[in-house]
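# Coordinates in review
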Amino acid sequence: MHIPELLAPVGSKESLIAAVENGADAVYFGGTLFSARQYASNFDREELEWAIDHAHARMVRTYVTVNTLIKDSELEEAASYLHFLCNAGADAVIVQDIGILKLLREQLPDLPVHASTQMTIHNAEGVKFLQEMGVKRVVLAREMSLDEIMRIKSETGIEIETFIHGALCFSYSGQCLLSSMIGGRSGNRGYCAQPCRKKYRAGEVEGYLLSPKDLNMSEHIPVLMEAGIDSFKIEGRMKRPEYVAGVVRVYRRLIDRYVKEPSKFRVTDEEKHTLRQLFNRGFTTGYFLGNPGSELMSRKYPHNRGTQIGSVVDYEPRKKMVSIYLKAQLRAGDGIGIGVRDTGVTVKGIFIDKKMVNTAGQGSTVKVPLEDEVETGEPVFKTYDSLLMASLEVKSIRKFPVKMRFKTHVDEPIELWISDGENDINIQGSSASQAESKPISKNSIVEQLKKLGNTIFEAQEINVEMDENIFIPVSEINSLRREGIERLLHVRTQKWKRQCSRPMISVGKKIVKPEKPILSVNTGSIETFEAAVDSGADVVYICNESFVESETKKKPQMNTDKRRFVETDYYCYVIEYGKKKGVKVFFNTPRIIKNISESTDFFSPQRTQRSQSELAPDGFLAASPGVLFHIKDQNPTMPLVLDYSFNVFNRLTLKYLLNYSQRITLSPELTLKEIRNLTSYGSTECIVHGNFPLMVSEHDLTRGLFPKGAGEVCLKDEKGFVFPVKTDLLGRTYIMNSRELLMIEHVPDLINAGVDCLRIEAKTYDRETTERITRAYRDAIDNCQAKRKCSDLGEYTTGHYFRGVL
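Residues numbered from 1 in each chain as written. Predicted model: local features only at pLDDT ≥ 70, side-chain atom pairs only at ≥ 80, totals over all residues. Heavy atoms only, no water.

## Focus: the overall build of the protein chain
On a plain count of helices and strands, the protein chain comes out with 22 helices and 42 strands. On the principal axes, the C-alpha backbone points of the protein chain span a range of 115 × 75 × 50 Å. Per-residue burial for the protein chain yields a buried fraction of 60% across its 806 residues. Put simply, 72% of the contacts in the protein chain that link residues at least 6 apart link residues at least 24 apart. Summing over all exposed atoms, the protein chain offers an accessible surface of approximately 34,000 Å²; the carbon and sulfur share of this is 46%. (Helix = DSSP H or I, 4+ residues; strand = E, 2+ residues; numbered from the N terminus. Buried < 20%, exposed > 50% of the residue type's maximum accessible area, 1.4 Å probe, protein only. Contact = heavy atoms within 4.5 Å. Areas by Shrake-Rupley, 256 points an atom, 1.4 Å probe, with all protein chains shown as cover.)

Here it is, written out as structure tokens:
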């Protein structure tokens, strides 16, 4: 039977001890640098080395998160940090940045690499791309079903890691810019402000509309194990140590229970209660068993609601006391929350009939001091169980058996041998002497050797070989035991250490830039495609899988000939139209394609084979590693432009990906200054105008909120900003920015920065708007000395060009 690794989250020393002592096979944690949970406690370098050694001494593997995007100015610091981790003995690093991945495989080959879920890997081709780079393990996107996971495992054979418990993101990880654009706190840099847990309004519907429930796969351990998943990952580096202890303990028991007796597998009521009580926003099985639809979401409760223990009977404003009817036990020291409020209170006093008690049982009506006024009938939740937390307090209890052999003869050095089954230690002490009065007994020696105290070892077997009538000071035996145990502990940790060479960041050869950039337009319909071609675009991207039109918005009318073209061959028409006008036509690929091999129409041979020139486009705009791998596998000479979803942040990523493409779209989280420092390393493209998605989600938000249909859907946040919601033909949701990006005033700055291609995002535009904006940018590029103002174009943003991200 395939037994998966149980991988636990660690955000502090206490959480590390909790994970190790409760049965984790491996732990993952971050340092103070380049970690996707910058608000966790994390570890400095000294603490990192301690954490790695602490885990290794207890036979637990350690994976260090270096899973953020690295700015070009940070490359030297990142190289130094990775060098340290390699030497410190980390079992692997978890990485998002493709340039850092390339650096690791070329210059630190002894340090294994795991691809973070932030890389949005969701198909076999994406895995194969990473396998060619030398990745050992892939943390798949959380939106994968079991069938999809099994197919990837079967086709690639790579180590697969999946989350099985904890918080879920609304967006595909690595494809979310919402926190970044709202407040400059980038999720790709570890500073997510969790906008999906905020309150929004859509029409008459109000609530935490982007807040998913928490993942809980405890009852489905058998199918997960049978699927061949290599590592079961628990989310929670921001959680308290008791959470780590409790969740790891439950899943350790469940895995072991299934291994021991599969037919009798079950989750006990106590285990279910423990998982609910420790933290939950409601539980879901996510996408493992199919798309859960609205069952995925927790729109009323964005925070921990624990377990419901009763309801409000009355509130006395003058006394500031709430009366609660209890359906379960409540203790002083417990934490409670009432209704949908995001704040709670610690119960400091419980009153029954004016008498203070420490505990109240089921069926009681109690009074508890409470400052905030509440309504009769509101549910009361226990969000912190003091008794449960006390039972989960971190204690070092994990012991490893050792065998000892003690040998002593008169006038010969004392010898002590200790073995843990993998490592042997031999040490010698001073010579023993003939006893003059009180010889030491064999039992006395055994008793001294057994005293392993607070160490991680316990004596399983002790053999003593000794002469009769011999004297050895007890202090000598104790000294040998201590030295032997210390050396054994040292060996258990030092065997993981490495001697790695420090990675070097090369400057590389800089290229000469063209005098002026070309203009590209990304379109989503025949009308906008034609408008872009006719209005001065050099390159037009087109995709037939555009957003679904709302019920209240009429689709543009097409003449009979045009409709015939679309119905017979959408692609042939746009290719022919572009060729006649001398404009290059690139097919824009969807960001998420779970089974590329089944996308026979879009990726059919006639689309990707340049030999059939009358059918083939001039190239593809590739939006994911899987698409990149597939197209290059079909036709290595097919021109590609890589989209901003590749999250290119530094020269290493840029230079590596240019091996596969003619141009790279840089991340929209970069500043103009940061862009200027990259453009000399290769051909780049920047989005300068339009509205593009800040979130891409597998969940159909519009259908979930409005099952009977709706017109244009927008989310309005608590500050009054409005974010349009779009849905594609497969029901995926795209949350658009509240402000249109507009950089026409700064085209000269972009040209001076060396950007090779300026892009307009026109997928949400109509023909007239596309034509007007394309002409404006065409003129701005061709006459870059002329000053332009955009104050008359309404509310807009310059994105991160002048502010950047944390």
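## Brief notes about a nonpolar patch on the surface
A cluster of nonpolar side chains, contributed by Met-1, Ile-3 and Val-259, occupies part of the molecular surface with about 270 Å² of accessible area. Tracing the backbone shows Met-1 in the segment before β1 (5–9). With a relative accessible area of 56%, Met-1 lands in the exposed category. (Patch = residues over 30% accessible without salt bridge, like charges linked within 9 Å, V, L, I, M, F, W, Y side chains within 5 Å. Salt bridge = Lys/Arg side-chain N within 4 Å of Asp/Glu carboxyl O.)

## Remarks on helix α1 (residues 13–21)
Here α1 lies mainly inside the structure; seven of its nine residues are buried. Among all positions of α1, only Ser-15, Leu-16, Ile-17, Ala-18, Ala-19, Val-20 and Glu-21 are buried. Turning to α1, the residues buried within the fold contact β1, β2 (26–30), α2 (45–57) and α9 (241–260). Positive phi shows up at Gly-23, right after α1, with a value of about 110 degrees.

## Some thoughts on the packing of α9 against helix α10 (residues 269–278)
Put simply, α9 and α10 touch, their axes get as near as 10 Å, and they point 150 degrees apart. By the angle class used here, α9 and α10 are roughly antiparallel. Here α9 and α10 pass one another in a crossing that is left-handed. Along the contact surface, α9 presents Glu-242, Tyr-243, Gly-246, Val-247, Val-250, Tyr-251, Arg-253, Leu-254 and Arg-257, while α10 presents Glu-271, Thr-274, Leu-275 and Leu-278. Grouping the constituent residues of the contact of α9 with α10 by class yields seven nonpolar, two polar and four charged. (Axes fitted to C-alpha atoms, helices over the stretch in contact; angles between N-to-C directions. Parallel < 35°, antiparallel > 145°, perpendicular 65-115°, else oblique. Left-handed = near helix turned anticlockwise from the far one by under 90°. Nonpolar A, V, L, I, M, F, W, Y, C, P; charged D, E, K, R; others polar.)

## Brief notes about the packing of helix α12 (residues 442–449) against helix α13 (residues 474–494)
Where α12 contacts α13, the axes come no closer than 9 Å and their chain directions differ by 40 degrees. As summarised for this structure, α12 and α13 are arranged oblique, according to the angle between their axes. Considering only the axes of α12 and α13, their crossing is right-handed. Residues Ile-445, Gln-448 and Leu-449 of α12 touch α13, and the partners they reach there are Val-474, Ile-477, Asn-478 and Arg-481.

## Topic: the state of the cysteines
Tallied over the full model, the rule gives one disulfide. The partner cysteine of Cys-86 in its disulfide is Cys-500, sulfur to sulfur 2.1 Å. Between Cys-86 and Cys-500, the S-S torsion sits near -60 degrees, and that sign places the bridge as left-handed. Of this pair, Cys-86 sits in helix α3 (residues 75–88) while Cys-500 sits in the loop between α13 and β29 (518–523), placing them 414 residues apart in sequence. By relative accessible area, Cys-86 is classed as buried at 0%. Take Cys-500: its relative accessible area is 14%, and that puts it in the buried class. The structure places no disulfide on Cys-572, whose sulfur is separated from the nearest cysteine sulfur, that of Cys-543, by 16 Å. (Disulfide = S-S within 2.5 Å.)

## As for empty space enclosed by the protein
This model, assessed by the stated rule, comprises seven cavities of 30 Å³ or more. Looking at the lining of the largest cavity, the elements with two or more residues in it are β39 (733–736) and β41 (757–761). Looking at side-chain class alone, the lining of the largest cavity contains 12 nonpolar, five polar and eight charged residues. In this structure, the second largest cavity spans a volume of roughly 180 Å³. For the second largest cavity, the lining is made up of 18 residues, of which Met-119, Gln-175, Ser-645, Phe-646 and Asn-647 are closest to its centre. Residue classes in the lining of the second largest cavity are distributed as seven nonpolar, nine polar and two charged. (1 Å grid on protein atoms, 1.4 Å probe; cavity = no way out; pocket = protein on both sides within 12 Å on 5 of 7 lines; lining within 4 Å. Points joined across faces, edges and corners; volume = space filled by probe spheres on them.)

## Brief notes about helix α22 (residues 767–782)
Between its terminal C-alpha atoms α22 stretches 22 Å, which fits the 22 Å expected from 16 residues at 1.5 Å a residue. By the burial criterion, the buried members of α22 are Thr-769, Thr-770, Ile-773, Thr-774, Tyr-777, Arg-778, Ala-780 and Ile-781. Buried positions in α22, seen along its axis, are confined to an arc of 160 degrees and lie on one side of it. The N-cap of α22, judged by a side-chain oxygen 3.4 Å from the amide nitrogen of Glu-768 a few residues on, is Asp-766. (Expected span 1.5 Å × (residues − 1). Arc of directions from axis to C-beta. Polar contact = N/O pair within 3.5 Å; in protein donor to acceptor, adjacent residues only side chain to side chain.)

## Considerations on the pairing of strand β35 (residues 684–690)
Most of β35 is tucked away: seven of the seven residues are buried. Here two bridges tie strand β34 (residues 663–665) to β35, and the two strands are oriented parallel to one another. Bridge pairing in β35 places Ile-664 opposite Thr-684. Where β35 meets strand β40 (residues 740–742), two bridges bridge the pair, whose relative direction is antiparallel. The partner of Gly-690 across the bridge, within β40, is Leu-741. (Pairing = 2+ DSSP bridges.)

## Overview of the sheet that holds strand β24 (residues 413–419)
Spatially, the four strands line up as an open sheet ordered β25-β24-β23-β27, and their pairing is mixed. Unpaired on one side and paired on the other, β25 (424–431) and β27 (457–466) mark the two borders of the sheet. Strand-to-strand twist in this sheet, taken as the mean axis angle between neighbours without regard to direction, amounts to 15 degrees. In the sheet, β24 pairs with β25 via six bridges, with the strands oriented antiparallel. What sits directly across from Ile-418, in β25, is Ile-425. α12 rests against β23 (400–408), β24 and β27 of the sheet, and its axis sits at about 155 degrees to β27.

## A short note on a negative patch on the surface
Residues Asp-411, Glu-412, Glu-415 and Glu-465 make up a contiguous surface patch of negative charge. Considering the arrangement of structural elements, one finds Glu-412 in the loop between β23 and β24. For Glu-412, a relative accessible area of 38% gives the class partly exposed. (Lys, Arg positive; Asp, Glu negative; His and termini not counted. Charge placed at Lys NZ, Arg CZ, Asp CG, Glu CD.)

## So, the sheet that holds strand β8 (residues 200–202)
Sheet strands pair by backbone hydrogen bonding; their relative direction is either parallel or antiparallel. Across the sheet, six strands lie side by side as β9-β8-β37-β38-β39-β36; this open sheet has antiparallel pairing. Two strands bound the open sheet, and with one partner strand each, they are β9 (205–207) and β36 (693–697). Geometrically, the sheet is characterised by an average inter-axis angle of 25 degrees between neighbouring strands, direction not taken into account. In this sheet, β39 lies alongside strand β38 (residues 722–727) in antiparallel orientation, the contact comprising three bridges. Pairing of Val-725 across the sheet is with Ile-735, part of β39.

## Details of unusual backbone geometry
In this structure, Thr-120 takes a positive phi of about 55 degrees despite not being glycine. Summarising the element assignment, Thr-120 is placed in the loop between β5 (113–115) and α5 (124–133). Of note, Gln-194 is a non-glycine position whose phi angle comes to about 55 degrees, a positive value. Here Gln-194 lies in the loop between α7 (178–183) and β8.

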